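Spelled out from the first residue to the last, the chains are:
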Amino acid sequence: MMGSGGSVSVRSPATVANMVCGFDVLGFAVNDPYDEMHIRFTDEAGIIIINEDEYNLPTEPELNVAGAALLAMLEELNEPIGFELRICKHIKPGSGVGSSAASAAGAVVAANRLLNDRFTKEDLVRFAMNGEKVASGVKHADNIAPCIYGGVTLIRSIFPLDIIELTAPPLYVTIVHPQIEVRTADARGILKQQVLLKDAIRQWGNIGGLVAGLLKSDYELIGRSLEDVLIEPVRSILIPGFDMIKQQSKEAGALGGGISGSGPSIFMLSKDESTAKLVEKEMHHIYEQLGLEHHTYVTTINQTGVKFIK
Ligand code: HSE
C-alpha cells in the first residue's frame, strides 16, 4: 500500500531462528514484538536513516543493517534513487529474536513497494542478508526469510538461495528475554567448527523429524525433535537459568523449545494458549528467583511476514 505523499509504512516482525535443531536453516516469524518503519523517496540519491527509538543505532547507511540492505538493493537497481527511512524499533537489539533481520527485511520490503514491487521475495532476502552481515559478520537467512515470507521457513541453501515455506499446525510461542545482551557475533565465535559424526546424525534426525512433524501436524513428533546436541550445549552457558527454564516449561506442558536465535531469549512452543501462559508464569518465577530483569511475550506464528500499514 502506498501511503499519502508517496510513503510506505510497515510492521516488521520478530523471528525465532534455528528452531532448536536447525542452526542457520530453520526459523519462524511471530506476531509480537515487531518494528515499525516508514520509507519515502528523496530528491537526492542515497539513503537517509532516522532513528525514532531509544537504541541509538548507527545512522551511516553502511553501518546500519537496514541501510546495508537498501544499499544492496540500490546497487542492483543502478539508478539515482534516494530513500529516507524512519525506524522505530520495538525489538531490542541483541535480544535473539531477529532484531537486525526485522530492520533489514522491513526496509527492503517497504522500499520494494515504493518501486511497485519490482523485486521478488527471494531478491529481497538476498538484499536483506547484507544487513545480517553488518550485524554478525556472516550472511544467514534464517531470520530474514521468515520475516519476509511469514510462517516457518527452511533455508535449504543460501548460495544459491533455496527457501522452502513449511506449513505448521497452530502453535503458541512463549518467549522470555532476560535483560542481558548476547552479541550474535560472539555467540557464533564460541561455536566449534567441527562436529562428531554421531552428533551430526542425531541432529539431522531431529531436523527431519521437526520438518515432518510440522507438515503432518504431529505435535508429539515436533516436541521430541526439538533437541539440539550441537549448538545449545555451547551457547546455553551464556544464559542464566536456561536448564531450569527448559525443564520447568516442559513440566508445565510445553512441547519443547530452546535458545531463540543466538540468545539470550528462550522460546517454548505449546499446543494451546493456556499452556503457553503457564509456561510464561514459570519463566517469570524462575527469573524473579534469580533476580534477573526480563520481558516475556505469549504470541503465535505470524503467517504474513512484513505487513503494510497506513
Ligand atoms: N542462526 C543464527 C545463529 C541466528 O544462531 O547464530 C542469529 O539470530
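Everything below is about the structure shown above.
I will try to describe carefully the structure that is included in this document.

Rules of the game
- Residues numbered from 1 in each chain as written.
- Predicted model: local features only at pLDDT ≥ 70, side-chain atom pairs only at ≥ 80, totals over all residues.
- Heavy atoms only, no water.
- Helix = DSSP H or I, 4+ residues; strand = E, 2+ residues; numbered from the N terminus.
- Rg over C-alpha atoms; globule rule 2.2 N^0.38 Å.
- Buried < 20%, exposed > 50% of the residue type's maximum accessible area, 1.4 Å probe, protein only.
- Contact = heavy atoms within 4.5 Å.
- Areas by Shrake-Rupley, 256 points an atom, 1.4 Å probe, with all protein chains shown as cover.
- Core = buried A, V, L, I, M, F, W, Y, C linked by side-chain atoms within 4.5 Å.
- Near = heavy atom within 4 Å.
- Polar contact = N/O pair within 3.5 Å; in protein donor to acceptor, adjacent residues only side chain to side chain.
- Nonpolar A, V, L, I, M, F, W, Y, C, P; charged D, E, K, R; others polar.
- Phe/Tyr/Trp six-rings, centres within 6.5 Å; stacked < 30°, edge-to-face > 60°.
- Axes fitted to C-alpha atoms, helices over the stretch in contact; angles between N-to-C directions.
- Parallel < 35°, antiparallel > 145°, perpendicular 65-115°, else oblique.
- Left-handed = near helix turned anticlockwise from the far one by under 90°.

## Points about the overall build of the protein chain
The secondary structure content of the protein chain amounts to ten helices and eleven strands. On C-alpha atoms alone, the protein chain measures out to a radius of gyration of 19 Å, which is about the 19 Å that the 2.2 N^0.38 rule sets for 310 residues. For the protein chain, the C-alpha atoms occupy an extent of roughly 60 × 40 × 35 Å along the three principal directions. With 310 residues in all, the protein chain has 55% of them scored as buried. Look at the contacts in the protein chain between residues 6 or more apart in sequence, and 74% of them connect residues 24 or more apart. Approximately 13,400 Å² of the protein chain is accessible, and the part contributed by carbon and sulfur atoms is 51%.

## Some remarks on the nonpolar core
Within the largest apolar cluster, 43 residues are counted, with the highest numbers of intra-cluster contacts made by Ile39, Leu70, Met73, Phe83, Leu85 and Val125. The dominant element in this core, judged by the number of residues it contributes, is helix H2 (residues 99–114), at nine residues. In this structure Leu85 touches Met37, His38, Ile39, Ile48, Ile49, Ile50, Ala66, Leu70 and Ala107, once residues within four positions along its chain are discounted. One finds Ala102, Leu154, Leu214 and Phe267 within the second-largest nonpolar core, a separate group that totals 27 residues.

## Re the environment of Val25
Along the polypeptide, Val25 turns up in the loop between strand S1 (7–17) and strand S2 (26–42). Sequence separation between Val25 and His140 is 115 residues; the distance between their C-alpha atoms is 8.4 Å. Each residue touching Val25, except ones within four places of it in the same chain, is listed here: Asp142, Thr153, Leu154 and Ile155.

## Brief notes about the site of the ligand
Within the structure, the ligand sits among Ala17, Asn18, Phe23, Asp24, His140, Asp142, Asn143, Thr184, Arg188, Arg235, Gly261 and Ser262. Within the side chain of Arg235, a nitrogen or oxygen atom sits 2.8 Å from an oxygen atom of the ligand. Tallied by class, residues from the shell around the ligand come to two nonpolar, six polar and four charged.

## Here we look at the side chain of Ser12
Summarising the element assignment, Ser12 is placed in strand S1. The buried category is assigned to Ser12, whose relative accessible area is 0%. A polar atom in the side chain of Ser12 sits 2.7 Å from the backbone oxygen of Ala102. At a separation of 3.5 Å, a polar atom in the side chain of Ser12 contacts the main-chain amide nitrogen of Gly106.

## A few points about the packing of aromatic side chains
Applying the stated rule across the entire model yields three aromatic pairs. Here Phe28 and Phe267 contribute two aromatic rings whose centre-to-centre distance is 5.8 Å and whose plane-to-plane angle is 70 degrees, an arrangement assigned as edge-to-face. Here Phe28, found in strand S2, pairs with Phe267, found in strand S9 (residues 266–270); they are 239 residues apart in sequence, far enough to count as distant.

## Some points on the packing of helix H9 (residues 242–251) against helix H10 (residues 273–290)
Geometry of a packed helix pair, given as the angle between the helix axes and the separation of the axes. The interhelical angle for the contact between H9 and H10, taken along N-to-C directions, is 150 degrees, at an axis separation of 9 Å. What the angle tells us is that H9 and H10 run roughly antiparallel. The hand of the H9/H10 crossing is right-handed. Along the contact surface, H9 presents Met244, Ile245, Gln248 and Ser249, while H10 presents Val279, Glu282, Met283, Ile286 and Tyr287. Looking at the contact of H9 with H10 residue by residue, the class counts come to six nonpolar, two polar and one charged.

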